[in-house]
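Per-entry structural report
Here are the chains, one letter per residue:
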Amino acid sequence: NGDQMVATRRVSTERRCTSDEYGVIIKELLSHSNNTVGDVEGVVMSSVVPALNYTMEHACEFLFGEKPLVVNHTISTGITIDYDNPNGLGADRIVGMASAYHNYGGPLITIDFGTATTFNLIDKDGRFFGGAICPGLKTGAEALVNKTAKLPHIELVKPESIVGKDTRGCMQSGIIYGYAGLVKYMVDNFKALPEMEGAKV
């Protein structure tokens, strides 16, 4: 509502749901915030699940009477995209960069810790010129368990010591401290680039 965040909600991605089913979910979530469909003045959709785009667009059109503005590299966000294949740039990265640049200015390094961890570099003029993508923390941990014969599932908690004294402790150390090292290495090297001098993270 203006600059005020009224509510946030999370729903599992379910590719089998119809637009009607998603419409019911959206309507119900609005009511949990004491809002109705009529309170919504516009809809913006940032999707990284292309298979659901058609379904969600129709759900919004049915509920709100208009299709959502779909975030992609062609819309005006305040960020200039200097990327070899801008069509392949995820909408989640675009909105994250646009929000960070709007709030903090550049040069700027944004990091999104999700299923994948993405690093995005924006210069002082708001030009996104690249970054890096690596497996997310949980994704990496699951791959380690699924691709080995004996390593167990573990809680992703920071161990007291970097030196593991049993299998679980060794895995927690490698995953948590190793991941912290990965992030620090990437950020340190990005900051060394001429266009990223004095960058905020």
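Preceding this paragraph is the structure being described.
This report concerns the structure included in the present document. Keep in mind the model is a prediction, meaning the values are calculated, not measured. (Residues numbered from 1 in each chain as written. Predicted model: local features only at pLDDT ≥ 70, side-chain atom pairs only at ≥ 80, totals over all residues. Heavy atoms only, no water.)

Focus: unusual backbone geometry
What you tend to see is this: most non-glycine residues have negative phi, and most peptide bonds are trans. The cut-off we apply is this: Secondary structure follows DSSP: runs of H or I at least 4 residues long count as helices, runs of E at least 2 residues long count as strands, and numbering of each begins at the N terminus.
The omega angle of the peptide bond from Gly106 to Pro107 is 0°, so this bond is cis rather than trans. Positioned with a positive phi, Asn34 is a non-glycine residue whose angle comes to about 60°. Within the secondary structure, Asn34 sits in the loop between helix 1 (19–32) and strand 1 (44–45).

A closer look at helix 1
An α-helix turns once every 3.6 residues. As a result, residues three or four positions apart point the same way. How we decide: The span you would expect from a helix comes to 1.5 Å times its residue count less one. Summary of the burial criterion: residues with accessible area below 20% of their type's maximum are buried, those above 50% are exposed, and those between are partly exposed, where the area comes from a 1.4 Å probe applied to protein chains only. Each direction from the helix axis to a C-beta atom contributes to the arc, which is the arc of those directions.
Given a rise of 1.5 Å per residue, 14 residues ought to cover 20 Å, and the 20 Å separating the end C-alpha atoms of helix 1 matches this to within 8%. Along helix 1, the residues that are buried comprise Tyr22, Gly23, Ile26 and Leu30. Projected onto a plane normal to the axis of helix 1, the buried residues spread over an arc of 105° and lie on a single side. Of the exposed residues in helix 1, the ones pointing more than 90 degrees away from its buried face are Asp20, Val24 and His32. Backbone geometry just after helix 1 places Asn34 at a positive phi near 60°.

So, the sheet that holds strand 3 (residues 80–81)
Which entries qualify depends on this criterion: Two strands qualify as a pair provided that DSSP identifies no fewer than 2 bridges between them. Any two residues whose heavy atoms approach within 4.5 Å are treated as being in contact. Note on geometry: axes are lines fitted to C-alpha atoms, helical ones only across the stretch in contact, with angles between N-to-C directions running from 0 to 180 degrees.
On the basis of which strands lie adjacent, the open sheet formed by 4 strands has the order 3-6-5-4 and mixed pairing. Lying at the two open borders of the sheet, with one neighbouring strand each, are strand 3 and strand 4 (108–113). Two elements, strand 5 (residues 116–122) and strand 6 (residues 127–135), share 7 bridges in a ladder whose sense is antiparallel. By the bridge assignment for strand 6, Ile122 is matched with Phe128. Here helix 3 (residues 91–104) sits on the sheet and contacts strand 3, strand 4, strand 5 and strand 6; the angle it forms with strand 4, its principal contact strand, is near 135°.

Focus on the layout of surface pockets
Selection rule: The distinction between a cavity and a pocket rests on a 1 Å grid over the protein atoms alone: a 1.4 Å probe fits inside a cavity but cannot get out, while a pocket stays open yet meets protein on both sides within 12 Å along at least five of seven lines, and a residue with an atom within 4 Å of a point counts as lining. Grid points are joined across faces, edges and corners, and a volume is the space filled by probe spheres set on the points. Throughout this entry, Asp, Glu, Lys and Arg are counted as charged residues, while Ala, Val, Leu, Ile, Met, Phe, Trp, Tyr, Cys and Pro are counted as nonpolar. The remaining residues, Gly among them, count as polar.
Quantified by volume, the largest pocket comes out at close to 2600 Å³. In terms of lining, the largest pocket is formed by 50 residues, of which the most central are Ala7, Thr8, Arg9, Val44 and Ser46. Top element by residues in the lining of the largest pocket is helix 1. It accounts for 5 residues. A per-class count over the lining of the largest pocket returns 27 nonpolar, 15 polar and 8 charged. By volume, the second largest pocket amounts to about 260 Å³. Lining the second largest pocket we find 16 residues, and of these Ser47, Asn87, Leu89, Gly90 and Ala91 sit closest to its centre.

Regarding the pattern of salt bridges
Rules: For salt bridges, the criterion is a side-chain nitrogen of Lys or Arg within 4 Å of an Asp or Glu carboxyl oxygen.
Applying the stated rule across the entire model yields 5 salt bridges. When the shortest N-O distance is used, the salt bridge between Glu14 and Arg16 registers 3.1 Å. Looking at Glu14, the relative accessible area reads 30%, which means it is partly exposed. A salt bridge links Arg127 to Asp123, with the shortest nitrogen-to-oxygen separation between them at 2.9 Å. Here the salt bridges do not stand alone but share partners, grouping Asp82, Asp123 and Arg127 into one network.

Brief notes about the packing of aromatic side chains
How we decide: In summary, the pairing rule links any two rings of Phe, Tyr or Trp, Trp by its six-membered ring, whose centres are within 6.5 Å, and it sorts them by plane angle into stacked for under 30 degrees, edge-to-face for over 60 and tilted for everything else.
Across all of its chains, the model carries 3 aromatic pairs by this definition. When the ring of Phe113 is compared with that of Tyr179, the centres are 6.4 Å apart and the planes differ by 55°; the resulting orientation is tilted. Pair noted here: Phe113 is in strand 4 and Tyr179 is in helix 5 (residues 167–191), with a separation of 66 residues, a long-range link. On the basis of relative accessibility, which here comes to 51%, the residue Phe113 falls in the exposed class. Taken together, a centroid distance of 6.0 Å and an interplanar angle of 55° make the contact between Phe119 and Phe190 tilted. Here Phe190 lies in helix 5 and Phe119 lies in strand 5, a separation of 71 residues in the sequence. Here Phe119 matches Phe190 in class, with each residue buried.

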